[in-house]
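# Coordinate inspection notes
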Amino acid sequence: MKKVISGNQAVSYAVLSAKPQVIAAYPITPQSAIVEMLATFCATGDLHAKFINVESEHSAMAACIAASVTGARTFTATSSQGLALMHELLHYASGLRLPIVMANVNRALASPFNLKADLSDSLSQRDTGWLQFYCESGQEVFDTIIQAFRISEELLLPVMVNLEGFILSHTYEAVEIPEQKEIERFLPSPPPRECLDVEHPSMFGSTTDLYINFRYKMHQAMEKAETVCQDVDDQFQRTLGRGYGLVQSYECDDADIILLAAGTIASSCRVVADRFAKKGVKVGVLRIRLFRPLPKGPICHALKNTPKIAVIDRDFSPGCGGILAQEVKAIFHNENRKVPIYEFIAGLGGRDVTDEDIERIIEQTLEAKEPGEITWTGLLK
Amino acid sequence: MDRTPQIKFPIPQEELVFSGHTACPGCGAVLAMRYALKALGPKTIMVIPPSCAGVIAGGFPVSALNVPVLRIAFETTAISASGIRAALDMMGKKDIHVLAWAGDGGTFDIGLQALSAAAERNDNIIYICYDNEAYMNTGIQRSSSTPEGTWTTTTPASSLKDTPKKDIIRIMAAHKIPYIATASVGYPPDLIKKVEKAKGIYGTRFILIYSPCPTGWRHSPELTIQIAKLATETGVFPLYEIEDGEKYSLSRRHSKKPIKEYLSLQGRFRNFTEKDLKKMEEKVRKEWDYLTRMAG
């Protein structure tokens, strides 16, 4: 059934379909609608789950960890400061190898205080052992949440699904919500795993000399993640008729320049690319959907022939630059072909990234002889 | 004539704390854990934050406890227990007890926010704080449970702790949770009875167990029980229960032994002055008056 819903509602309906048993979440703008809807689903009995009204995001993640280590399917949602507050426990969740799914509504980190879209909140959690997806539409948000449960339960690693605050979270779009039977065909009840059990008492969450071995096992699971994510996406395509890939490439094959971005900026890039195509300039667009682990193969494949890459980051690592740009540079470090990568910071704190901004990014990159300093677009005069 | 002494209150035989654990000689905390687990039995899941208790419990692949244990972040003991409870309830395992077990640092200080929230929701968990009045696991630093006039490594002799011990019991009572008790390793039958009573009550149950620490309190290991008894006999650590935040009952009459007897056995009070002693006597008298008034 098609429904006109917001990104936050897409998250909530997907969670309703995925049937977690324990949800613990704390409200924060622009995520609050998710908390409200899920609490209501649990209260009305539409969703047979325990909703814990926690006093902080830190406790939200702690509750999910404890419930998950007991064997329950769990979910939480947060944003920005809330994600930063969870930081310590994000490591616990992945270290305990728990299949927790979380939606993060991307919002700028204070200070200064700002409620609007910025990917720095989640990108700065890239070393916490969570898989990270970045979505572009309400439909993709719904579908990725469903996929995330499958992926996390197969890999025993937590998965974070990101959607930009307001741009996606508050925008209403038509979203196809599959029949519950179809969802369950794709996402059955969670497979059994080793959990806290009074019949077989064991110790979870502490060791000494074996620490490095646990980390190595996590590394092995992350190495498998790319294949598992692709397989799950393929199965989703077969079962429910939609697939997204790990990256989405648009007219990249013989492009004069490729724009690389995550999230909704990629939509604007494609519109601008079409305009340039009419003028005879071939602009490709590569959208990063899976950021952790970063799918090296598909990215290298999409970028293999292009003479120039412009990376547009709606995020910023002070002293370093755009995070996507750094990651893409790192991929190419061991490749034979050296591709010039031009770096742009845009849209921080929810600043609009307009078609004109993107046009300027393309023109500047085409004109430049070699990459120079990072260009900041959208600065107020 | 049968000369076997009459055991008024049999302590359960089953041991859920194995021998070979890593507690110091004379550790009060491990006794508290042993008695509490005897009262709760094997159908218990335990949450332990970083603490001496965590070290005592061990780490994969070994465990000193014969119950499942989750070792979790310092400030999350209560909410982790709540998370386990939620999962068990959803999975239809309602007959399993969830025990949150933390020290005074993990309870009075860093874990207070999550504990207050669990108590406010009246989550169905048992929270036990073993109180040794400082951060012992990290090397005897002061906590908000450290009494006034006490030496610790962060309140050295030249600058002893100059504020009173935080009254965690009244904080918990203000939440109107169904059951609160103080207990002591000096009185195992009373401790076990209280845990057994807590076991049969629904909601957040909070027990504070007085647990001497020879290492941190600077006393000889064989004095643990004597000091624990003296704490109660002098009125420094009264034993009582509070039901629904209002109904107080005293577990033991206060025998009014001189506080000096209690202080003199412990190096941590070496720098106590006459003035400090007067202050402490006054504090103990006031608290006892309050408790007897509340208990009617």
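Treat the numbers as computed from the prediction; the structure is a model and nothing was measured. (Residues numbered from 1 in each chain as written. Chains lettered and ligands numbered in written order. Predicted model: local features only at pLDDT ≥ 70, side-chain atom pairs only at ≥ 80, totals over all residues. Heavy atoms only, no water.)

## Let's talk about the side chain of A:Glu136
Looking at the secondary structure, you find A:Glu136 in the loop between β6 (131-134) and α6 (138-155). If sequence neighbours within four positions are ignored, A:Glu136 has contacts with A:Leu168, A:Gln248, A:Gly263, A:Thr264, A:Ala266, A:Ser267, A:Arg270 and A:Arg287. (Helix = DSSP H or I, 4+ residues; strand = E, 2+ residues; numbered from the N terminus. Contact = heavy atoms within 4.5 Å.)

## Brief notes about the packing of aromatic side chains
Aromatic rings considered in pairs are described by the distance between their centres and by the relative angle of their planes. According to the stated counting rule, one finds 15 aromatic pairs over all chains in the structure shown. Taking the centre distance of 6.2 Å and the plane angle of 85 degrees together, the rings of A:Tyr134 and A:Phe291 count as edge-to-face. With A:Tyr134 in strand β6 and A:Phe291 in strand β13 (residues 290-292), this residue pair connects regions lying 157 residues apart in the sequence. One aromatic cluster in this structure is built from B:Tyr210, B:Trp217 and B:Phe237. One cation-aromatic arrangement involves A:Arg150 over A:Phe186; the distance from NZ or CZ to the ring centre is 4.8 Å. The aromatic ring of B:Tyr187 is capped on one face by B:Lys229, whose charged end is 4.7 Å from the ring centroid. (Phe/Tyr/Trp six-rings, centres within 6.5 Å; stacked < 30°, edge-to-face > 60°. Lys NZ or Arg CZ within 6 Å of the ring centre and 35° of its normal.)

## Focus on the sheet that holds strand β16 (residues 375-376) of chain A
Neighbouring strands of a sheet are bound in pairs by backbone hydrogen bonds; such pairs are parallel or else antiparallel. Residues and elements named next belong to chain A. Strand order in this open sheet of six strands is β10-β12-β11-β14-β15-β16, and the pairing throughout is mixed. One side of each edge strand has no neighbouring strand; the edge strands of this open sheet are β10 (247-250) and β16. Of the pairings in the sheet, the one linking strand β11 (residues 257-262) to strand β12 (residues 283-288) comprises six bridges and is parallel in character. Bridging across to β12, isoleucine 258 finds its partner in glycine 284. (Pairing = 2+ DSSP bridges.)

## A word on the domain arrangement of chain A
Residues and elements named next belong to chain A. Along its sequence, chain A is organised into domain 1 (2-240) and domain 2 (249-377). When each unit is reduced to the centre of its C-alpha atoms, the spacing between domain 1 and domain 2 is 28 Å. Contacts between the two partners involve 29 residues from domain 1, matched on the other side by 27 residues from domain 2. Of the roughly 2,200 Å² buried between domain 1 and domain 2, counting both surfaces, carbon and sulfur atoms make up 54%. By the criterion of area lost to domain 2, the three top residues of domain 1 are Arg126, Glu136 and Glu226, representing 29% of everything that side buries. At the boundary of domain 1 with domain 2, the tally comes to seven salt bridges. For the interface between domain 1 and domain 2, the tally reads 21 residue pairs in polar contact (both at pLDDT 80 or more). Those elements giving two or more residues to the side of domain 1 that touches domain 2 turn out to be α5 (120-123), β6, α6 and α8 (211-240). Considering each element in turn, the side of domain 1 that touches domain 2 owes the most residues, five residues, to α8. Residues of the side of domain 1 that touches domain 2, tallied by class, amount to 14 nonpolar, six polar and nine charged. (Domains from an automatic or database assignment. Buried area = accessible area lost by both parts, 1.4 Å probe. Salt bridge = Lys/Arg side-chain N within 4 Å of Asp/Glu carboxyl O. Polar contact = N/O pair within 3.5 Å; in protein donor to acceptor, adjacent residues only side chain to side chain. Nonpolar A, V, L, I, M, F, W, Y, C, P; charged D, E, K, R; others polar.)

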